[in-house]
Structure formats: structure tokens, C-alpha cells
Amino acid sequence: MYSLLVIALLALALSGPATAFVSDGHGASTHVSITRTALLRKVTETCREVAEKNGYEFNPTGSSPEELVQACLGPTATGDVSGAKFHSALQDIYTQNGLVDRDFANSPPHHFNSEAFLKGRGLITQGMLAIKANIRNKNFPTARETLGRVLHTLQDFYSHSNWVELGYTEPYINLITPGLPLDNLADANTATCSDCASGTCSNQLLPNILKEKKLTSGYMGIYSSLKPKGKCSHGGAADLTSTESPRGGISKDERRQDNLALHNAAVNAATTATLQLLEDVRLAVGDDDFLRMMGIARSSVVCFVIDTTGSMSDDIEEARSIIYEIIDSYKGTQDEPSEYILVPFNDPDFGPIIRTTDANKIKEEISKLNADGGGDAPEMCLSGLQLALTGAPSSSYIYVFTDATAKDIELKDSIIALIRSTQSTVSFFMTEIFGRRRRSLRAASFGDYREIALVSGGQAIQVSKSELPQATDIILDTSTSALVTVLQRARNPGKQETFSFVLDESLKNITIYITGTAITFMLTDPAGVTQSQNEISGKLGTIKAVGNLWRIRLYSDKQTGPWQININSNQPYTLQITGQSTITFIYNFVESFAGPHPGYAVLTGLPQAGQPATLMLSVMGRRGPSSMTTEHIGLAKVLVSEGVSNGVITDMGNGDILVTVDAVPEGEFVVTVKGTDKVSNSVFQRQSTTQVSVSKVKIQAVVGSSVEPGEDFKLPFSVMTQGSGGTYSIGVRNDRNFPMSFPNELTLTTGQYANATLTITPPASTESGTDVTLTVEAKSSDGVDSNYVVLRLSVVTKITDFVQPSCEGVSVQANDCPHNLAQCGPFQWELSANITDGNGTGIDSISLHQGNGTLIYTSLSAPIIQANYNASCCSQIVEIVAVDKVGNVGKCYHSIARSGGPPTLTLSLPLWIYLLVSTFLLRP
């Protein structure tokens with residue numbers, strides 16, 4: 001999950017002209033605003049059509065993410081539904097869009113600079129193929145990252161080329177339709193611009209370029225002023241070519257008085273082009289997966305990692321029971337899981353990961369689990385957990401069932417890196433088995449599980465097998481929508497301490513968890529009413545104790561305001577307070593970057609030690625960001641009772657906040673937020689779950705393209721330390737066990753980057769759309785300091801099929817339809833067509849995009865597929881979508897609507913065909 005590169009931030013960071021759509025503080029559009037406008041419009045459109053298909057009204061009560069998600073999910077999503085995942089998905093795309101200016105600033109194809117039209121279109125084409133393949137394989141985070149980058153390149157075409165100067169108002173559809181050629185490109189020897197001494201001329205293009213409608217773009221020189229004779233420049237202070245004749249530039253990135261109309265035209269074309277690309281993706285993958293890619297789903301994802309060794313029969317049965325209870329009790333509510341994930345592990349095997357949205361399918365899969373093998377602790381627990389962390393969405397809740405310690409304890413650092421990267425929460429349910437022989441050289445213990453759980457904000461619960469059914473209530477508590485953490489602390493060694501926290505009016509199902517032994521506690525509400533651990537059903541709530549876990553569920557009529565809980569134990573213990581509320585926040589640590597387009601980039605590892613920490617944070621409420629105020633944001637230690645390091649808050653608007661913390665705590669810390677909910681006028685308190693620390697080590701690596709099966713993929717990376725130089729070990733792991741080569745160690749000099757290369761080779765049999773999660777870690781020789789990056793690679797088969805499916809109309813029978821629509825009820829009309837993919841990869845799916853009738857068709861494997869559509873004369877429009885096996889999309893549209901006379905065939909085609917085609921064809 002990444003943080004938003006908001007418009008206002010870019011405006012603050014910019015020190016000069018940039019290489020892409022940028023804000024000038026006077027209403028100019030940016031990549032973020034263009035992308036936001038298109039995404040929200042397309043999501044709203046999709047939600048409305050889904051609602052119509054399912055027979056409910058799409059009527060958001062407002063424009064906030066929460067209200068949009070609530071309306072999109074429909075009447076079954078009763079109660080609180082969080083907009084956090086939708087907001088996070090938007091930010092993933094915005095951020096990757098913005099990072100193209102950092103990671104590929106000097107790459108002409110990424111910006112359509114320097115007339116790099118064919119290579120730029122190639123980036124879009126390959127990116128779209130990767131996006132569709134990833135979504136089909138449910139690899140939504142990777143799809144969002146690629147989508148953000150592709151949209152940046154697509155949008156830059158309209159700002160950096162002369163498309164709008166040539167008089168075109170509609171997008172260049174050929175950019176996203178690789179089967180169509182790029183026409184009338186200016187060749188390398190054709191002069192394109194006249195000289196502009198002022199650098200801001202309204203039109204530098206030569207008359208013959210405009211008359212002949214030759215397509216060109218400005219040359220951009222970050223490090224050199226060289227450009228071909230007579231060619232246009234991009235323009236601006238960062239472009240060294242702009243001072244060489246012909247001077248000036250044709251970029252429409254910024255809105256100036258001399259290019260106001262052109263800037264606005266470029267923005268409009270870029271926005272429409274973005275909508276076209278999103279529609280193509282949506283039609284290729286379907287509405288449900290498109291919305292899931294955008295984070296529009298019920299919040300909870302139920303993910304189980306289960307030990308299947310011989311002694312686990314009772315535990316497997318309890319896991320099966322709790323999954324069945326979640327399915328049966330949450331069906332049709334806002335807490336119904338959007339996805340079920342199951343990862344079994346044994347010894348030496350683990351996996352495969354099983355993912356499904358079908359409740360019956362997960363019941364079938366878990367019913368197949370049998371306890372077998374093993375018999376010697378420890379087991380391959382962390383390997384199974386690694387699969388879950390890379391396969392589950394960010395911010396997931398993962399539950400691990402085992403009765404043994406980890407045999408693969410060497411994965412512990414990678415597991416913690418993945419937890420911090422995904423901000424997922426892991427809870428362990430470990431049942432006690434005695435007398436099992438260890439054979440691990442590194443003596444893993446339950447303490448390792450406790451440490452992993454604490455870093456993630458989860459629980460490490462240790463019970464007997466007979467007690468396990470009493471401990472799994474925590475799964476029902478946390479596999480719900482809109483779950484938030486109010487407070488989490490830990491003490492090791494234990495001591496007596498009073499913890500204060502605030503409950504606001506929006507919170508529901510408030511639960512307090514304490515883990516540890518020899519625990520006593522006293523809970524006090526705002527009115528001074530108390531309840532101790534001995535009062536199972538007291539005045540404040542109900543208490544359940546099982547194994548090392550205390551679970552306190554407050555009554556629903558609890559009081560808002562300041563509470564306290566005093567805990568006393570000389571043994572280590574943890575405290576966590578959670579509830580359900582749409583008031584929440586998402587965040588990430590960021591760092592500034594320089595170059596022609598300065599801005600902020602999300603840190604992929606730990607923040608740097610000895611420097612102020614900068615966070616980008618977004619706060620959400622029941623009615624959007626305007627329904628609350630945020631007063632305090634800080635960093636708080638989890639393990640000690642030191643005060644919070646408060647940050648300096650800069651409100652960027654729309655709930656987005658830039659936070660700078662000068663005094664960053666040493667050791668592990670979390671992000672805390674306090675403010676006021678305007679709806680209820682009550683103070684709220686929230687805390688992040690994932691613990692973070694700082695490091696003097698820094699790793700840089702950028703993934704810029706997809707990977708082909710069977711081919712070596714080389715990934716350069718750099719490591720630097722601000723601490724002591726010397727030998728640093730390098731560890732790299734991937735969740736697919738693909739072969740890799742990399743240096744095991746690097747010698748670092750303080751303040752200088754050392755460069756290295758990682759090579760990974762996906763087997764030739766790897767399915768297209770597979771994503772690979774890489775964890776790269778650098779650690780000092782004494783083990784005191786380390787850092788990591790987590791990267792996602794997308795494996796995509798090289799595609800040569802770029803032709804859309806086609807369709808030939810056979811017949812339309814609508815003569816019985818009356819002219820008067822009021823009399824349409826008893827009458828039917830019918831359409832027949834033949835659909836084919838020619839010499840392509842074959843048709844993968846055929847579906848109705850518009851129309852309330854019935855569509856049937858013959859086998860998809862047939863060379864020619866016969867389709868028949870039958871509908872009431874009251875439903876006069878049909879649009880059929882055909883998608884081939886690599887994601888090429890074709891649509892055919894027919895309407896029987898008429899003002900009089902006999903029924904006619906109405907064909908809707910793109911504007912670029914200008915209705916010259918009279919046959920019944922699928923359109924791209």
C-alpha cells in the first residue's frame with residue numbers, strides 16, 4: 001500500500017518546470033487530477049451498471065470513498081463499510097503514475113518525448129497486457145502498479161506531442177489498439193518547429209506540419225542540449241535543448257497565458273484517453289474483478305495458514321469449524337468476506353495457495369485437509385506464511401494454526417519485511433504438543449511467533465488443543481469490515497502500568513485483548529465505573545480467559561470519552577483495543593526526490609535513522625474528510641512508556657496530510673492519530689498496527705518492465721549506509737522459488753552507493769499473469785542494522801495477437817415490435833451473429849455489457865461461434881463483449897430504437913471509423 005502524491009505536495013516540491021502535467025498553483029491539471037477524475041468516473045459508472053444488473057439503486061449519499069463504496073456494494077452491505085481499501089487502491093495508482101518522473105525521467109518512450117512514438121506505444125501495449133493478465137490471476141496490487149505507470153505515459157502523449165495543435169479533440173485510439181498503425185509520423189529528417197526567442201510562443205509548429213497533420217513531439221534534454229536539426233523542444237528550464245534553435249518548446253504541461261487553450265485541450269484529451277483505457281481493461285476482466293482491483297469490496301479477506309502434520313487433526317477441525325461459521329453467519333452482511341485464502345503447510349511441503357470468492361469452494365478445499373506426516377517439530381510454518389503474505393491483499397488479517405515452532409526460521413526477517421510492506425496483521429494459534437523431537441540447528445521458539453505477531457499488530461495465542469475452540473472468537477472479531485485499532489502496547493519484562501485511551505461515538509464492537517501470564521487488570525470507564533479480571537460479567541463488559549489470552553468485549557452502550565486500564569504482571573504481556581468504525585487512516589513514509597520533476601516517493605523499506613521522518617497520511621470519516629478534524633499525529637513506542645513524538649501537520653486538503661517528525665523514536669514505533677469527529681462531536685483515537693523502526697542502510701531498486709517466462713531478468717540495485725562501512729550481507733528471496741543469482745555480500749563505504757545486479761529466471765512454463773514478490777535485504781556484519789525493499793515482478797508471455805475479435809450479423813428479427821413503447825410488453829425481438837477470433841488466440845469469454853435479454857452461444861472453442869440474443873421489445877439496446885485469450889476486446893452494439901418505419905440495424909462504432917463500416921462488426 002502506497003501513499004498519495006497529492007497535487008498540493010507537488011506544488012510545494014516543484015522548483016522549476018517539469019517533464020509532465022504539473023500544478024502551477026493556478027488551476028492547472030496534473031497527472032493526479034487527470035487520473036483521479038477518470039478513475040472516479042469509471043468506478044462510478046461501473047458501480048451504477050452493476051447495480052442496474054442486480055436490481056438495486058446506486059444512490060451514494062455523498063462523494064466520499066465510504067459513501068461510494070457503500071452505495072456500490074448495494075443493500076446487502078448494511079452497517080459500516082470502510083472506504084480505506086478503495087482509497088488505498090487509488091493512491092497506489094496515483095503514486096506509481098508520479099514515480100515515472102523519478103524513475104524514468106530520462107526515458108523518451110515513457111513520456112513520448114523526442115518522437116519516441118512506437119516505443120511509447122509499446123510500453124502502453126505491454127503494460128495493458130500485463131494489467132489484464134495480473135487481474136485475471138487476482139494479482140491486483142501488481143495490476144495497479146502497472147496501471148499507474150501506463151497511464152502516465154498515455155497522458156504525456158497529449159501534453160508532449162502536437163496532437164491537439166493538429167486540431168484533434170478526441171484521443172488517438174491507435175495508442176491503446178496495437179492492431180492499428182501509428183500514421184503520419186514526422187521522420188527524423190523533417191523539421192517541425194520555428195524558432196521562439198522568448199521560449200513561450202503560442203504556436204511554433206511549422207505550417208507544413210499543421211497542414212499535413214504530421215505527428216511530432218518535443219525533444220527533451222536533461223543532460224545534453226543536442227537534438228536533430230529543426231526539431232521542436234519540450235521546453236522549460238529543465239530542458240537543455242530548449243536553448244538550441246529552434247528555441248522554446250511545445251509542452252503543454254503547465255497552464256500559461258500563451259497556451260491556455262492548448263493546455264485545456266490536452267487535459268481533456270488525456271482524461272478521455274484514460275477513460276478509454278480503463279474501459280478496455282474493465283471489459284477484458286469483467287466488472288467484479290475491475291472493482292476488486294479498485295478496492296471496491298467488503299473489507300474482510302479471510303486468510304488461513306494451517307499446519308497439516310499428523311498431530312493437527314483437532315486444530316484442522318477447529319479451523320474448518322470457524323471458516324464454516326464465518327461463511328454461514330456473515331453471508332449477506334457487510335462482514336461477508338470478499339475473498340477466502342487457504343495455505344496448508346507440512347514438512348517439507350507447503351502450499352499451494354488457494355484463493356476464491358466462492359464460499360462453497362473454500363468449504364470444499366478445507367474439507368480436503370487431512371493431518372498426515374510430520375511428527376518431528378519444527379515445521380515449514382514461515383514458508384506457508386510467506387505465501388499468504390504475498391498472495392493476500394495489503395492490510396489483510398492472517399491466522400496461523402500450528403502446534404510446532406518454525407523449521408524455516410531463516411525466513412523470519414523476510415516475513416517481517418513483508419509484514420511491514422503489506423501492513424498485514426498475523427495472529428498465531430499455537431496448541432501445545434510435548435515430547436516432539438527438534439532437529440533444527442537454530443532453536444526456534446514460540447517467542448519468534450510472538451515477535452512476528454507483535455510487529456504486525458496481531459496476537460500470539462498459546463492454548464491446549466481442548467481450549468482452542470474457545471480462543472477462536474478473535475477470528476470472528478477481526479474478520480469484519482471497518483476494523484480499527486485504538487491502542488496497542490507491549491511490555492517485556494512486564495510491570496504494573498496504567499494505559500489511557502479514548503473511545504468515540506462511531507466505535508462499535510469494542511474489544512480489549514490482553515496476552516500474557518500471571519495477569520491482573522482493572523478497567524475504568526469515563527464515569528469511574530470499574531471492572532477487574534475476576535468479574536466475568538461485570539458492569540462494563542464480558543470477559544473470557546483461555547490459555548494466555550484475555551478477551552474483554554465491552555457492552556454496546558459503552559460511554560464515549562477517556563478510559564483507563566491498569567495491568568499488573570511481572571511476565572511479558574501485550575494489550576490491544578479494537579473496534580469497528582469508518583473513521584480510520586492510511587499512511588506511508590515518504591522521501592523527497594530531485595530532478596526535472598521533483599516530488600515525494602514512498603519508502604519501500606525503513607525510514608532513515610538520524611533524519612526527520614516524513615509521512616503522507618490520509619484520514620477518512622463517515623462522510624469523508626470534511627466530517628472530521630485532525631489535531632495530533634505522532635510516533636509512539638509500543639514496548640516502552642515514553643511519550644509520543646508529535647509531528648508537524650500540513651493539511652493538504654481532501655483529508656491528505658503531510659507530517660514531519662523531527663525526533664524519531666529509537667526502536668519499534670507506530671503511528672498515532674487523534675482528532676474530532678464532527679458528526680458526533682467526539683474525540684477519536686486511532687493507531688497503526690504495523691511496527692516500524694529506522695535504519696542507516698538504504699536500498700534502491702526499480703522494476704520497469706514485465707518478465708518473460710524462460711528469460712533471464714536482470715534487476716540492478718544499489719545499497720548505501722550512513723553508518724559504519726564494511727561488509728554487508730545481501731539476502732534475496734522470492735515467493736515462487738524461481739532460480740536467482742546475486743552477490744551474497746557487498747562492501748560499503750559510508751555515504752556511497754554500491755551497485756549490484758540480481759538475475760531471476762521464471763521457468764518457461766510459468767503462467768502469464770503470475771506475479772513474483774522479491775524481498776531484498778542488506779544487513780551489517782554484526783547484525784545490528786539492516787533494511788529491505790519488497791518488489792513485485794509480473795511474468796507476462798510475449799504476445800503477438802493484437803487483433804480484436806470480430807462479429808458478422810446474421811439476422812435481426814424485430815418486426816413484431818410496436819411503434820408505441822407503451823405496448824412493448826408482450827413482444828420479443830431477436831438478434832443472431834457469428835463471432836470469431838480469426839487466426840488469433842481464440843475467444844475466452846462472451847458476455848452482455850448492455851441489454852436485459854438472454855444471450856446464448858455455441859462452444860467457445862469453435863472456429864465460428866454462433867450467438868443468439870433474445871429480449872423484450874421494451875429493452876431496445878444490446879451490446880455484446882467478446883474477449884480473446886490475451887485480453888483483446890471487441891464490442892458490438894445494436895439498437896432497434898426508431899422513430900417510425902420498419903426495424904433497422906443501428907451500429908455504434910468509434911468516431912475514428914466515422915460510421916463508414918456498414919457491416920455488423922465488433923469494435924475495439
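How each quantity is defined
- Residues numbered from 1 in each chain as written.
- Predicted model: local features only at pLDDT ≥ 70, side-chain atom pairs only at ≥ 80, totals over all residues.
- Heavy atoms only, no water.
- Helix = DSSP H or I, 4+ residues; strand = E, 2+ residues; numbered from the N terminus.
- Buried < 20%, exposed > 50% of the residue type's maximum accessible area, 1.4 Å probe, protein only.
- Lys, Arg positive; Asp, Glu negative; His and termini not counted.
- Salt bridge = Lys/Arg side-chain N within 4 Å of Asp/Glu carboxyl O.
- Polar contact = N/O pair within 3.5 Å; in protein donor to acceptor, adjacent residues only side chain to side chain.
- Contact = heavy atoms within 4.5 Å.
- Disulfide = S-S within 2.5 Å.
- 1 Å grid on protein atoms, 1.4 Å probe; cavity = no way out; pocket = protein on both sides within 12 Å on 5 of 7 lines; lining within 4 Å.
- Points joined across faces, edges and corners; volume = space filled by probe spheres on them.
- Nonpolar A, V, L, I, M, F, W, Y, C, P; charged D, E, K, R; others polar.
- Pairing = 2+ DSSP bridges.
- Axes fitted to C-alpha atoms, helices over the stretch in contact; angles between N-to-C directions.
- Core = buried A, V, L, I, M, F, W, Y, C linked by side-chain atoms within 4.5 Å.
- Left-handed = near helix turned anticlockwise from the far one by under 90°.
- Phe/Tyr/Trp six-rings, centres within 6.5 Å; stacked < 30°, edge-to-face > 60°.
- Lys NZ or Arg CZ within 6 Å of the ring centre and 35° of its normal.
- Expected span 1.5 Å × (residues − 1).
- Parallel < 35°, antiparallel > 145°, perpendicular 65-115°, else oblique.

(A) Structural detail: the side chain of Lys 227. Its place among the elements puts Lys 227 in the loop between α8 (207-211) and α9 (260-285). No salt bridge is formed by the buried Lys 227; the nearest opposite charge belongs to Asp 239, separated by 6.6 Å. A distance of 3.1 Å separates a polar side-chain atom of Lys 227 from the backbone oxygen of Lys 231. In terms of polar contacts, Lys 227 uses its side chain to reach the side chain of Ser 233, at 2.6 Å. Once you skip the residues sitting within four places of it in the chain, Lys 227 turns out to touch Tyr 219, Cys 232, Ser 233, Thr 241, Glu 244, Ser 245 and Pro 246.

(B) Quick peek at the state of the cysteines. For the structure shown, the criterion picks out five disulfides. In this model, Cys 193 is linked to Cys 232 through a disulfide, with the two sulfur atoms separated by 1.9 Å. An S-S torsion of about 90° defines the bridge between Cys 193 and Cys 232 as right-handed. One end of the pair, Cys 193, is in the loop between α7 (140-160) and α8; the other, Cys 232, is in the loop between α8 and α9, and 39 residues separate them in sequence. Given a relative accessible area of 7%, Cys 193 falls into the buried group. Here Cys 232 falls in the buried class, since its relative accessible area comes to 0%. Two residues share a disulfide in this structure: Cys 196 and Cys 201, whose sulfurs sit 2.1 Å from each other. With the S-S dihedral at roughly 95°, the linkage between Cys 196 and Cys 201 falls on the right-handed side. Owing to a relative accessible area of 1%, Cys 196 belongs among the buried residues under this scheme. The connectivity of the disulfide bonds within the protein can be written as 1-2, 3-6, 4-5, 7-9, 8-10, using the sequence rank of each bonded cysteine. Counting only cysteine sulfurs, Cys 381 is the nearest neighbor of Cys 303, a cysteine outside any disulfide, at a range of 12 Å. Of all cysteine sulfurs, the one in Cys 807 lies closest to Cys 892, which takes part in no disulfide; the gap is 4.2 Å.

(C) A look at empty space enclosed by the protein. For the coordinates displayed, the defined rule picks out five cavities of 30 Å³ or more. Lining the largest cavity are 47 residues, and of these Ala 84, Lys 85, Ser 394, Ser 395 and Ser 396 sit closest to its centre. Put simply, the parts of the chain that give the lining of the largest cavity at least two residues each are α4 (84-103), α7, β4 (397-402), β7 (483-491), β16 (584-593) and β24 (682-687). Here the lining of the largest cavity gets five residues from one element, more than from any other, and that element is α4. Among the residues making up the lining of the largest cavity, the classes are represented as 17 nonpolar, 21 polar and nine charged. In terms of lining, the second largest cavity is formed by 14 residues, of which the most central are Glu 165, Cys 201, Ser 202, Gly 249 and Ile 250. Partitioning the lining of the second largest cavity into residue classes produces four nonpolar, six polar and four charged.

(D) Focus on the sheet that holds strand β3 (residues 354-356). The six strands are arranged β3-β2-β1-β4-β5-β6 in an open sheet whose pairing can be described as mixed. Edge positions in the sheet fall to β3 and β6 (460-463), since each has one partner strand and no second. Looking at each pair of strands side by side, their axes are set apart by 15° on average, direction ignored. The sheet contact formed by strand β5 (residues 425-431) and β6 spans four bridges and is parallel. Its bridge partner being in β6, Met 430 is matched across the sheet by Gln 462. Of the strands in this sheet, β4, β5 and β6 touch helix α15 (residues 446-456), which is tilted by about 155° from β5.

(E) Quick peek at the nonpolar core. In terms of nonpolar packing, the biggest core is built from 64 residues, with Val 43, Leu 154, Phe 157, Tyr 158, Leu 277 and Met 294 touching the most fellow members. Val 343, Ala 388, Leu 617 and Tyr 788 belong to the second largest nonpolar core, which has 57 residues in total.

(F) Geometry of the packing of helix α6 (residues 117-136) against α9. The contact between α6 and α9 brings their axes to 10 Å, and the two run at 35°. Where α6 crosses over α9, the handedness of that crossing is right-handed. Within the contact between the two elements, α6 uses Ile 124, Met 128, Ile 131, Lys 132 and Ile 135 and α9 uses Leu 277, Asp 280, Val 281, Ala 284 and Val 285. When grouped by side-chain class, the residues that make up the contact of α6 with α9 number eight nonpolar, no polar and two charged.

(G) Expanded view of the sheet that holds strand β29 (residues 745-748). Pairing within the open sheet is antiparallel, and its four strands lie in the order β29-β27-β31-β32. Taken across any chain shown, the strands that pair with only one partner, and hence form the sheet edges, are β29 and β32 (786-795). Pairs of neighbouring strands in the sheet enclose a mean axial angle of 25°, with direction left out of account. By the bridge criterion, four bridges tie strand β27 (residues 726-734) to β29 in an arrangement that is antiparallel. Paired with Ser 729 across the two strands is Glu 745, which belongs to β29.

(H) Expanded view of the packing of aromatic side chains. Summed over the entire model, instances satisfying the criterion amount to 18 aromatic pairs. An aromatic cluster of at least three residues, connected via ring pairs, comprises Phe 112, Phe 117, Phe 157, Tyr 158, Trp 163, Tyr 168 and Tyr 172. The ring of Tyr 168 carries the charged tip of Lys 213 above its face, separated from the ring centre by 4.9 Å. Against the face of Tyr 324 rests Lys 363, its NZ or CZ located 5.2 Å from the ring centre.

(I) Up close: the pairing of β7. Summarising burial for β7: nine of the nine residues are buried, a large majority. Summarising the sheet, β7 and strand β15 (residues 573-580) pair through eight bridges and their orientation is antiparallel. If you follow Leu 487 over to β15, its bridge partner there is Ile 577.

(J) Main features of the environment of Gly 842. Relative to the helices and strands, Gly 842 is located in the loop between β34 (828-836) and β35 (843-850). Leave out the neighbours within four places in its chain, and Gly 842 touches Asp 837, Asp 884 and Lys 885.

(K) View of helix α11 (residues 313-330). The end-to-end C-alpha distance of α11 is 26 Å, a good match for the 26 Å that 18 residues give at a rise of 1.5 Å each. Within α11 the residues assigned to the buried category are Asp 315, Ile 316, Glu 318, Ala 319, Arg 320, Ile 322, Ile 323, Ile 326, Ile 327 and Tyr 330. Directly after α11, the chain includes Gly 332, whose backbone phi takes a positive value near 80°.

(L) Main features of the pattern of salt bridges. Enumeration over the complete set of coordinates arrives at 40 salt bridges. Glu 45 is the partner of Arg 282 in a salt bridge, and the nearest nitrogen-oxygen pair spans 3.2 Å. Note that Arg 282 is positioned in helix α9 and Glu 45 in helix α2 (residues 31-54), a separation of 237 residues in sequence. On the accessibility criterion, Arg 282 (0% relative accessible area) is buried. A salt bridge links Arg 686 to Asp 504; the nearest nitrogen and oxygen atoms lie 2.9 Å apart. Of this pair, Arg 686 sits in strand β24 while Asp 504 sits in the loop between β8 (497-503) and β9 (508-516); the two residues are 182 residues apart in sequence, bridging distant segments of the chain. Judged by relative accessible area, Arg 686 falls into the buried class, the value being 2%.

(M) Quick peek at the side chain of Arg 144. With respect to the helices and strands, the residue Arg 144 is situated in helix α7. Within the structure, Arg 144 has its side chain in polar contact with the backbone oxygen of Met 293 (distance 2.7 Å). For Arg 144, the contacting residues outside a window of four places in its chain are Ala 89, Asp 92, Ile 93, Arg 292 and Met 293.

(N) Quick look at the packing of α2 against α9. Contact geometry for α2 and α9: axes closest at 9 Å, N-to-C directions at 40°. Considering their axes alone, α2 and α9 lie oblique with respect to each other. The handedness of the crossing between α2 and α9 is right-handed. Where α2 abuts α9, its residues Ile 34, Thr 37, Ala 38, Leu 39, Arg 41, Lys 42, Glu 45, Thr 46 and Glu 49 lie against Val 267, Ala 270, Thr 271, Thr 274, Leu 275, Leu 278, Glu 279 and Arg 282. Considered class by class, the residues forming the contact of α2 with α9 number seven nonpolar, four polar and six charged.

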